[in-house]
Amino acid sequence: MKVLGLILSGSSGNKLEKLTKKRTSAAVPVFGKYRAIDFTLSNMVNSGINKVGVLTQYNPRSLMDHLGSGKEWNLDRKRGGMFILQPFLSSFNDSMFYEGTADAIFQNMTLLKRAEEDFVLIGSGDHIYNIDFKKLYKFHIRNGADITLITKEHKESYDIAEYGQIKVNKENKIIDIKEKIDEKISDKIFTGVYFINKALLMELLYSSPKDKRNDLLMDIIVPNLKRLRVYSYNFEGYWRNIKKSVKEYYDTNMDILNYEVRKELFYSGRKIYTKLKDFAPPKININAEVSNSFIADGCIINGIVKNSILSRGVIVKAGAVIENSIVLQDTIIEEGSHIKDIIIDKDVKIREGKTIESIKSNINIIEKGTVI
Amino acid sequence: MKVLALILAGGQGTRLGVITNNLAKPAVPFGGKYRIIDFAISNCVNSGINTVGVVTQYMPHQLVDHLGIGKPWDLDIKDGGLYVLPPYLSRSDTSWYEGTADAVYQNIEFIDKYKPDFVIILSGDHVYRMDYNDIIDYHIEKSADCTIACMEVPVSEANRFGIMVTDPFNKIREFQEKPKEPKGTLASLGIYVFSWDFLKKALMKDASSTESDHDFGKNIIPSILKNNSNLYAYNFEGYWRDVGTISSYLDCNLEILGPLPPLDLHDKNWKVYTQSEELPPAFISDKANVIKSFVSEGAEIYGEVENSVIFQGVIVEKGAKIKDSVIMNRVKVGKETIINKSIIASSTVVGDKCEIGLKEYKVSKINKEIYNSDITLIGFNTNIPDKTIIGKNCVIDNFVDLKELNIKNLNSGEGIINEF
């Protein structure tokens, strides 16, 4: 299987409000020590893909910092490896931005031209799942497909208006695609992951006129749906897209307190890699009480932590209480504070005795670097 | 000024019992995710020493695997870096390293390649935090030929160390290696700074002597002292532990737990680097009760843990109670099992409703020299079936299956040791 991986991670993720003020959604921290992109990146590497292009656009600093040379994912290679693909100015291109997913790939056509790979897997940096793409590859070949899209059975937890809906026939061939409509026409939603023959992708992109070459799904695939063999590969496992809403982000994080989810994401035999930080193991002191929580390295806990996710280096001082919350890296919760139903970003300091909680059904975010 | 560090990591560490039967002492797991040698290597890189040779000999597989090309310590660099130095054969009479001095002697060629001004000789067996710049500055300030780091120890323990007698200017007047009647309490920590030209000459001289054991403490130091060289003692006042015995190993592990530990592994200004498994954060369930403990990544806690170090990937089932213990990587502790004051080595499986380390203390029937505390030690990859009862001061060797042996009960002081 020779596949070139492309990860779309240019989204501003504006639905994540303050969390994406200074970072792109693919760089949003999840589960105490990871960033969203770790999942798709690790999935690719675990499936034997060793050439991966990461397409960035919106505020990429923290994403770049996280990815580095790709060393943690075994992608600092002489052959293959990781390529960061940022928008650029050139003689044939007067826009500083990628106009959409198709445009982003089109502008990096050189990578496709030079690649010896026959297939392209296009994923997103915002997806949380653990998948073996080899099975997708086999499915694609077996059906003689031109394009295969990964779909997911629609569940209550997915807001239908936020996703593309996909209608298939008995053989799983896609007969209709509707993007983000309120009405439910199918029980399959599109995850945003494409598997496509490279030569075909290049041809489709070259043959589309410039002003109709923005979105890969709507501008390139949908108009050609009748003429191409486009199939739907249904992924059965756990899958979430964290950039859809703050609630989605919160719920996804909280899902990790469920053993089945932990087992599937982390103990399936396919590891999820991330940037190492060399923190010491979490220390839980004499007067601490920790229950139903996920605690990352470097934490020092003296207070009470319930139903929460603590990222690396979080310090909870004596008498502080944290409930149903997500606390990101290096935040300090001082003595006697009470934190409830909230997301606290990195490097925040909650001073002694403060009480902070969200108004019900609306999860608040404390911005990075705030002192309260 | 160029400094090269040489870490002696070939020792067996016999007093750690079955832990070091298949493992070099520097590779023994420590503190939830580390191995003992991480402290010496991290001290080097934190002190700005980027050329580090690690001398191996006894059971080096896991150690060498752990070290790799020095990546976790940022020692995968072009100029300098980390070098593993195993014993080797050559046309001259090189062979196994006969002693600590011989191990350095046989690597003269390696050291010369880097043309260092100073060589700092370290041991891979100690847990400590030290800025080597201080001792090197001291060495230069005193224009010493050799500077030995030392610490005051209790008189009762002085016979385990090299003991120094110094003048008011810290110049060493006398040196006794593991003396029966110590003349003082200033003990050598096995950390030496030498000016390289001086050390090279001393090693060459020692190598040609047929009577020498080729050991730093026994031969090199006494012989250079006799020649009126400038030897100075450097008083180290920080944290330093020789985790050489089972009880000191457990104590030292539990010492890092307190709110103000003498060795703070959480100090961001002096990080300890290691090569560890890549696992998600630790999960502590709503049924769990964890106090005064380290719980490493990948651990899943459903039971009670008190005053213990839980390593990576350990599973503690519902109703299990662990107290004053060290539980190494990937150990599984079954439901309602009680473990007290024990060391359980990696990948061991303990079934449901077992009792380990309770009962009354009894003198060991296995080896009184090694197993002389109330700590029970269970080796690597061992299987303890449901409802097994194991007393205090017991020992079970690596790769033992109690189910196969049909043993349900082990009284205090008893043990199972594999025969070779």
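Residues numbered from 1 in each chain as written. Chains lettered and ligands numbered in written order. Predicted model: local features only at pLDDT ≥ 70, side-chain atom pairs only at ≥ 80, totals over all residues. Heavy atoms only, no water.

> Can you help me understand the overall build of chain A in this one?
In terms of helices and strands, chain A carries 9 helices and 28 strands. Relative to its length of 372 residues, chain A is compact, with a C-alpha radius of gyration of 21 Å against a globular reference of 21 Å. With respect to the three principal axes, the spread of C-alpha positions in chain A is 65 × 45 × 40 Å. Residues counted as buried form 57% of the 372 residues belonging to chain A. Total accessible area on chain A stands at roughly 15,200 Å², and carbon and sulfur atoms take up 48% of it. In chain A, 57 side chains carry a positive charge and 47 a negative one; their mean positions are 4 Å apart. (Helix = DSSP H or I, 4+ residues; strand = E, 2+ residues; numbered from the N terminus. Rg over C-alpha atoms; globule rule 2.2 N^0.38 Å. Buried < 20%, exposed > 50% of the residue type's maximum accessible area, 1.4 Å probe, protein only. Areas by Shrake-Rupley, 256 points an atom, 1.4 Å probe, with all protein chains shown as cover. Lys, Arg positive; Asp, Glu negative; His and termini not counted. Charge placed at Lys NZ, Arg CZ, Asp CG, Glu CD.)

> I would appreciate a short explanation of the sheet that holds strand β32 (residues 409–410) of chain B in the present structure.
By way of backbone hydrogen bonds, the strands of a sheet pair with one another, either parallel or antiparallel. Residue and element names in this part refer to chain B. If you walk across this open sheet you meet the 7 strands as β15-β18-β21-β24-β27-β30-β32, and the pairing is parallel. If you trace the sheet from one side to the other, it starts and ends with β15 (289–291) and β32, each paired once. Here 3 bridges tie β15 to strand β18 (residues 304–306), and the two strands are oriented parallel to one another. For Asn289, the partnering residue across the bridge sits in β18 and is Glu304. (Pairing = 2+ DSSP bridges.)

> I would appreciate a short explanation of the layout of surface pockets in the present structure.
Where empty space is left can be seen by rolling a probe of water-molecule size over the atoms. Residue and element names in this part refer to chain B. In this structure, the largest pocket spans a volume of roughly 1,100 Å³. Along the wall of the largest pocket there are 38 residues; nearest its centre are Thr100, Ser123, Asp125, Lys178 and Asp215. Breaking the lining of the largest pocket down by element, the ones donating at least two residues are α3 (100–105), β6 (118–123), β10 (172–177), β11 (186–195), α7 (216–226) and β13 (240–242). At 4 residues, β11 tops the list of elements feeding residues into the lining of the largest pocket. (1 Å grid on protein atoms, 1.4 Å probe; cavity = no way out; pocket = protein on both sides within 12 Å on 5 of 7 lines; lining within 4 Å. Points joined across faces, edges and corners; volume = space filled by probe spheres on them.)

> What is the right way to read empty space enclosed by the protein from this model?
Applying the stated criterion across every chain yields a total of 5 cavities of 30 Å³ or more. The space that makes up the largest cavity amounts to roughly 130 Å³. As for the largest cavity, its lining consists of 14 residues, of which A:Leu276, A:Asp278, B:Lys33, B:Ser276 and B:Glu297 are closest to the centre. The calculated volume of the second largest cavity comes to roughly 50 Å³. Surrounding the second largest cavity, B:Phe39, B:Asn43, B:Tyr128, B:Arg129, B:Leu263, B:Asp264, B:Leu265, B:Trp270 and B:Val272 form its lining. The residue makeup of the lining of the second largest cavity, split by class, is 6 nonpolar, 1 polar and 2 charged. (Nonpolar A, V, L, I, M, F, W, Y, C, P; charged D, E, K, R; others polar.)

> How should I be thinking about the sheet that holds strand β23 (residues 332–333) of chain B in this particular structure?
Strand order in the open sheet formed by 11 strands is β28(A)-β25(A)-β22(A)-β19(A)-β16(A)-β14(B)-β17(B)-β20(B)-β23(B)-β26(B)-β29(B), and the pairing between neighbours is mixed. Looking at the sheet topology across the chains shown, the edges are occupied by β28 (364–366) of chain A together with β29 (383–384) of chain B. Sheet analysis places strand β14 (residues 282–284) of chain B next to strand β17 (residues 300–301) of chain B, joined by 2 bridges and oriented parallel. What sits directly across from B:Phe283, in β17(B), is B:Glu300.

> How do you make sense of the interface of chain A and chain B when you look at a structure like this?
In many reports, interface size means the accessible area that the parts give up when they come together. Contacts between the two partners involve 37 residues from chain A, matched on the other side by 39 residues from chain B. Taking both partners together, chain A and chain B bury about 3,200 Å²; carbon and sulfur atoms supply 52% of that area. Along the contact surface separating chain A from chain B lie 5 salt bridges. The salt bridge partner of A:Lys271 is B:Glu277, with a shortest N-O separation of 3.9 Å. Linking chain A with chain B are 20 residue pairs in polar contact (both at pLDDT 80 or more), by the criterion used here. When contributions to the side of chain A that touches chain B are tallied by element, the ones reaching two or more residues are α9 (259–266), β14 (283–284), β15 (289–291) and β16 (293–295) of chain A. Of the residues assigned to the side of chain A that touches chain B, the class counts are 20 nonpolar, 8 polar and 9 charged. (Contact = heavy atoms within 4.5 Å. Buried area = accessible area lost by both parts, 1.4 Å probe. Salt bridge = Lys/Arg side-chain N within 4 Å of Asp/Glu carboxyl O. Polar contact = N/O pair within 3.5 Å; in protein donor to acceptor, adjacent residues only side chain to side chain.)

> It is not clear to me how unusual backbone geometry should be interpreted in this structure. Could you clarify?
A negative phi angle characterises most non-glycine residues, just as the trans form characterises most peptide bonds. One non-glycine residue with positive phi stands out, namely A:Asp330, at about 60°. Assignment of secondary structure puts A:Asp330 in the loop between β22 (326–327) and β23 (332–333). Within the chain, B:Lys341 stands out as a residue other than glycine whose phi angle is a positive 40°. Relative to the helices and strands, B:Lys341 resides in the loop between β24 (338–340) and β25 (342–344).

> Honestly, the pattern of salt bridges in this entry has me stumped. Any pointers?
Any two side chains of opposite charge can pair, given that their charged atoms come close. In total, this model carries 32 salt bridges over all chains according to the counting rule given. Here A:Lys33 and B:Glu297 are joined by a salt bridge, their closest N and O atoms 2.9 Å apart. Of the two residues, A:Lys33 sits in the loop between β2 (29–30) and β3 (34–35) while B:Glu297 sits in the loop between β16 (293–295) and β17, which places them in two different chains. Residue A:Lys33 is classed as buried on the basis of its relative accessible area, which comes to 6%. A salt bridge links A:Lys243 to A:Asp126; the nearest nitrogen and oxygen atoms lie 2.9 Å apart. With a gap of 117 residues between them, A:Lys243 in the loop between β13 (240–241) and α8 (246–255) and A:Asp126 in the loop between β6 (119–124) and β7 (127–128) connect regions that are remote in the sequence. Through salt bridges with shared partners, one network takes in B:Lys25, B:Glu157, B:Arg160 and B:Asp242.

> Just checking my understanding: could you explain the environment of A:Leu205 for this structure?
Residue and element names in this part refer to chain A. Within the fold, Leu205 resides in helix α6 (residues 198–207). Between the C-alpha atoms of Leu205 and Asp182, which are 23 residues apart in sequence, the distance is 30 Å. Every residue in contact with Leu205, bar those within four places of it in the chain, is listed here: Ala102, Ile105, Phe106, Met109, Arg213 and Ile220.

> Before we go on, may I ask you to explain the UniProt feature "binding site: alpha-D-glucose 1-phosphate" (unreviewed entry) in chain B in this structure?
All names here are of chain B. Per the UniProt record, the feature "binding site: alpha-D-glucose 1-phosphate" (unreviewed entry) sits at Tyr97, Gly162, Glu177, Lys178 and Ser188. Considered against the largest pocket, the annotated residues that line it turn out to be Tyr97, Gly162, Glu177, Lys178 and Ser188. By the element assignment, Gly162 lies in strand β9 (residues 162–166). Contacts of Gly162, omitting those with residues within four sequence positions, involve Phe175, Gln176, Glu177, Lys178, Leu186, Ala187 and Ser188. One can find Glu177 in strand β10. Accessibility expressed as a relative area gives 28% for Glu177, which makes it partly exposed. Dropping the residues within four chain positions of it, Glu177 is found in contact with Phe161, Gly162, Asp215, Gly217 and Lys218. (UniProt positions renumbered as here; feature names shortened; annotations may be inferred.)

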